[in-house]
Amino acid sequence: MFRDLEEMNEILIKCEKCPRLVKFRVEVAKRKNRFFGEEYWSKPVPGYGDHNGNLLILGLAPAATGGNRTGRIFTGDKSAEFLVSCLYEAGFTNKSTSLRKDDGLFYYNTYVTAVVKCVPPNDKPTREEIENCFPYLEFEIDSMKNLRAVLVLGRIAFQSLKMYYRKKGVAMERDFVSGEFFNINNVRIYMHYHPSPRNVNTGRVNKEEFVNFLKKIREYLSE
Ligand code: SF4
């Protein structure tokens, strides 16, 4: 399919398989907000981090003023602010902020990506868009040769991982339960609500609990 991740990303950033998202990823740059007038990336957003690492963090999609603006996943928006500060406290990153591509952030032993690589309206990709984007995700997971754990952020990420294993002939007969984990083959699957502003503001995602959950993942990976 793709020779390597580099080749995949070269193809990915030119992808126009989803007409609705191709239109939307450009349109959001014209919205009046505190970033109005900035140059937006407005293309599919590749994964970031250590692709040879043991941990995959799987989110939903780039945020309108986050990945879609900065060109790096979980960068420059509220979800990124929360997630990366928690990852830093748990020892997964070298710094607590994720502001822009050239900010020097790196992830230890961890690769971060999203189910769909283009920002969807209202953070809701359609089934067809998820399926269109699936080959990229499939290749990213297939080529993580040292994978030992996956942290899925939210139900759509969980369903997409289920789709991945189903394609490999492995039934993932579990439901999404935030804060829990289970093993499938040699990989441990951790589930947590997505750290979206809504989940954080309503208290569904709590910083202390989330950091402790991440620390448990780190302990597992250190065994
Ligand atoms: S969401 Fe994925 S498949 Fe659809 S246009 Fe973007 S990169 Fe291509």
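On a predicted model such as this, the values are computed, not experimentally measured, just so you know.

Reading guide: rules and limits
- Residues numbered from 1 in each chain as written.
- Predicted model: local features only at pLDDT ≥ 70, side-chain atom pairs only at ≥ 80, totals over all residues.
- Heavy atoms only, no water.
- Helix = DSSP H or I, 4+ residues; strand = E, 2+ residues; numbered from the N terminus.
- Rg over C-alpha atoms; globule rule 2.2 N^0.38 Å.
- Phe/Tyr/Trp six-rings, centres within 6.5 Å; stacked < 30°, edge-to-face > 60°.
- Buried < 20%, exposed > 50% of the residue type's maximum accessible area, 1.4 Å probe, protein only.
- Axes fitted to C-alpha atoms, helices over the stretch in contact; angles between N-to-C directions.
- Left-handed = near helix turned anticlockwise from the far one by under 90°.
- Contact = heavy atoms within 4.5 Å.
- Nonpolar A, V, L, I, M, F, W, Y, C, P; charged D, E, K, R; others polar.
- Pairing = 2+ DSSP bridges.
- Near = heavy atom within 4 Å.

1. Remarks on the overall build of the protein
Point 1. Looking only at helices and strands, the protein has eight helices and six strands in total.
Point 2. Secondary structure elements of the protein, listed N to C terminal, follow the sequence α-α-β-β-α-α-β-α-β-α-β-β-α-α.
Point 3. Taken over C-alpha atoms, the radius of gyration comes to 16 Å for the protein, in line with the 17 Å a tight globule of 223 residues would show.
Point 4. With respect to the three principal axes, the spread of C-alpha positions in the protein is 45 × 40 × 30 Å.

2. Focus: the packing of aromatic side chains
Point 1. Counted under the stated rule, the structure contains 11 aromatic pairs.
Point 2. Measuring from centroid to centroid gives 5.9 Å for tyrosine 48 and tyrosine 107, while their planes differ by 75°, and the two rings are edge-to-face. Remark: tyrosine 107 occurs in the loop between α4 (78-89) and β3 (110-114) and tyrosine 48 occurs in strand β1 (residues 48-49); sequence separation between them is 59 residues.
Point 3. Owing to a relative accessible area of 5%, tyrosine 107 belongs among the buried residues under this scheme.
Point 4. Relative to phenylalanine 210, the ring of phenylalanine 82 has its centre 6.1 Å away and its plane inclined at 15°; by these criteria the two rings are stacked. Linking phenylalanine 82 in helix α4 with phenylalanine 210 in helix α8 (residues 207-222), this pair joins segments that are 128 residues apart in sequence. Both residues of the pair, phenylalanine 82 and phenylalanine 210, belong to the buried class.
Point 5. Connected via pairs of aromatic rings, a cluster forms that spans Phe181, Tyr190, Phe213 and Tyr220.

3. Some remarks on the packing of helix α5 (residues 127-142) against helix α6 (residues 155-167)
Point 1. One way to put it is that α5 packs onto α6 with a least axis distance of 10 Å and a crossing angle of 65°. The hand of the α5/α6 crossing is right-handed. Across the interface between the two elements, Arg127, Ile130, Phe134, Leu137, Glu138, Ile141 and Asp142 of α5 pack against Ile156, Ser160, Leu161, Met163, Tyr164, Arg166 and Lys167 of α6.
Point 2. Its residues assigned to classes, the contact of α5 with α6 shows eight nonpolar, one polar and five charged.

4. Structural notes on the sheet that holds β3
Point 1. Sheet architecture is open: six strands sit in the order β1-β3-β2-β4-β6-β5, paired in mixed fashion. The open sheet terminates on both sides in strands that have one partner only, identified here as β1 and β5 (181-184).
Point 2. One ladder, built from five bridges, connects strand β2 (residues 55-59) with β3; its direction is parallel. In the strand pairing of β3, leucine 55 is matched with threonine 110.

5. What to know about the site of the ligand
Point 1. As a structural note, the neighbourhood of the ligand is formed by Leu12, Cys15, Lys17, Cys18, Leu21, Pro44, Lys117, Cys118, Asn132 and Cys133.
Point 2. In terms of residue class, the shell around the ligand is built from seven nonpolar, one polar and two charged.

6. Brief notes about unusual backbone geometry
Point 1. Of note in the backbone geometry, asparagine 122 takes a positive phi value of approximately 55° without being a glycine.
Point 2. Position of asparagine 122 among the secondary structure elements: in the loop between β3 and α5.
Point 3. Here asparagine 122 falls in the exposed class, since its relative accessible area comes to 66%.
Point 4. You will see that asparagine 185, though not glycine, has its phi angle at about 50°, which is positive.
Point 5. Judged by its relative accessible area of 59%, asparagine 185 falls in the exposed class.

Just geometry here; none of it tells us what the structure is for.
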